[in-house]
Amino acid sequence: NRTGIMTDKEYEAQKERIAKLTHKWVKSLGLNWWKITFEYYRNARDEVHPTDYSPKVVGGKWVTVMETSCDPYYLKATVACYLPEIEQLDDEELEETFLHELMHIFLSPMHAKNRAKEEELVATKLAQAFMWTKEIKHNEEKK
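Anyway, here's the lowdown on the structure attached to this text.

Structural notes on the overall build of the chain
Secondary structure assignment for the chain yields four helices and five strands. Across the chain, helices and strands are ordered from the amino to the carboxyl terminus as α-β-β-β-β-β-α-α-α. Counting every position in the chain, which comprises 143 residues, the buried fraction comes to 35%. Long-range pairs, those at least 24 residues apart, make up 67% of the contacts in the chain between residues at least 6 apart in sequence. In the form shown here, the chain has an accessible surface area of approximately 9,400 Å², with 54% of it arising from carbon and sulfur atoms.

In structure tokens form, the structure reads like this:
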């Protein structure tokens with residue numbers, strides 16, 4: 001949408017993409033013990049308040065697609081989903097981004113602001129590993 005205003009139809013379409021990934025991954029990763037709340041925003045994140053580590057480049061600029069905050073002691077997490085940015089991702093990029101955010105839930109007991117780069121790297125590598133296992137399973141099913 002080039003106008004910058006997300007219609008109800010566009011908003012619901014992006015929420016549905018996230019819902020499909022939630023159904024596919026949350027239980028299979030063993031995160032069904034957690035209370036995970038997904039928050040959906042029609043606008044981009046206010047980048048005035050920086051994250052602990054620079055977000056993903058989309059369209060040549062730094063933007064936040066999703067961000068996760070956790071309380072590992074009470075098994076609660078919130079995933080903020082910035083739908084205009086999500087809309088720009090193809091399904092595979094979105095799935096890997098979604099998995100990356102879920103990895104932050106596992107890593108949350110070790111979270112430290114001064115180790116944000118390392119946490120981002122580990123979350124990315126774990127997300128990629130799950131994407132690869134999905135691909136291996138898909139190829140085996142084709143045989």
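So, next bit.
What to know about a negative patch on the surface
On the surface, Asp90, Glu92, Glu93 and Glu135 cluster together into a negatively charged patch. Within the secondary structure, Glu135 sits in helix H4 (residues 116–142).

Notes on the nonpolar core
Ranked by size, the top nonpolar core spans 30 residues in total, and within it Ile36, Phe98 and Leu102 carry the most contacts. Within the residue set of this core, elements represented by two or more residues are helix H1 (8–25), strand S1 (35–41), strand S5 (76–82), helix H2 (83–86), helix H3 (91–107) and H4. Per-element accounting of this core gives the leading share, seven residues, to H3. Setting aside anything within four residues of it in sequence, one finds Leu102 in contact with Trp25, Val26, Leu29 and Leu31.

What to know about the packing of aromatic side chains
Going through the model one piece at a time under the given rule, you end up with three aromatic pairs. Seen in terms of ring centroids, Trp25 and Phe130 are 6.1 Å apart; in terms of plane orientation they differ by 75 degrees. Their pairing is edge-to-face. In this pair, Trp25 is assigned in helix H1 and Phe130 in helix H4, connecting sequence segments 105 residues apart. Residue classification places Trp25 among the buried residues on the basis of a relative accessible area of 8%. Here the aromatic rings of Phe38 and Phe98 are separated by 5.9 Å at their centres, their planes lie at 10 degrees, and the arrangement is stacked. Remark: Phe98 occurs in helix H3 and Phe38 occurs in strand S1; sequence separation between them is 60 residues. In this structure, Arg42 is placed above the aromatic ring of Tyr11, and the distance from its NZ or CZ to the ring centre is 4.2 Å.

Let's talk about the packing of H1 against H3
Contact geometry for H1 and H3: axes closest at 11 Å, N-to-C directions at 55 degrees. Overall, the two elements H1 and H3 adopt an arrangement that is oblique. As for the relative orientation of H1 and H3, their crossing is right-handed in sense. On H3, the residues touching Arg17, Ile18, Leu21, Thr22, Lys24 and Trp25 of H1 are Asp91, Leu94, Glu95, Phe98, Leu99 and Leu102.

Details of the sheet that holds strand S4 (residues 66–71)
Reading across from one edge, S1-S5-S4 is the order of the three strands in this open sheet, with mixed pairing throughout. Strand pairing shows two members of the sheet lacking a second neighbour, S1 and S4, which therefore form its edges. Neighbouring strand axes in the sheet, compared pairwise and without regard to direction, differ in orientation by 15 degrees on average. Pairing of S4 with S5 involves six bridges; the strand directions are antiparallel. Within S5, the residue paired with Met66 across the bridge is Cys81. Packed on one face of the sheet, H3 meets S1, S4 and S5 and runs near 20 degrees to S4.

Thresholds, definitions, all that
Residues numbered from 1 in each chain as written. Predicted model: local features only at pLDDT ≥ 70, side-chain atom pairs only at ≥ 80, totals over all residues. Heavy atoms only, no water. Helix = DSSP H or I, 4+ residues; strand = E, 2+ residues; numbered from the N terminus. Buried < 20%, exposed > 50% of the residue type's maximum accessible area, 1.4 Å probe, protein only. Contact = heavy atoms within 4.5 Å. Areas by Shrake-Rupley, 256 points an atom, 1.4 Å probe, with all protein chains shown as cover. Patch = residues over 30% accessible without salt bridge, like charges linked within 9 Å, V, L, I, M, F, W, Y side chains within 5 Å. Salt bridge = Lys/Arg side-chain N within 4 Å of Asp/Glu carboxyl O. Lys, Arg positive; Asp, Glu negative; His and termini not counted. Charge placed at Lys NZ, Arg CZ, Asp CG, Glu CD. Core = buried A, V, L, I, M, F, W, Y, C linked by side-chain atoms within 4.5 Å. Phe/Tyr/Trp six-rings, centres within 6.5 Å; stacked < 30°, edge-to-face > 60°. Lys NZ or Arg CZ within 6 Å of the ring centre and 35° of its normal. Axes fitted to C-alpha atoms, helices over the stretch in contact; angles between N-to-C directions. Parallel < 35°, antiparallel > 145°, perpendicular 65-115°, else oblique. Left-handed = near helix turned anticlockwise from the far one by under 90°. Pairing = 2+ DSSP bridges.

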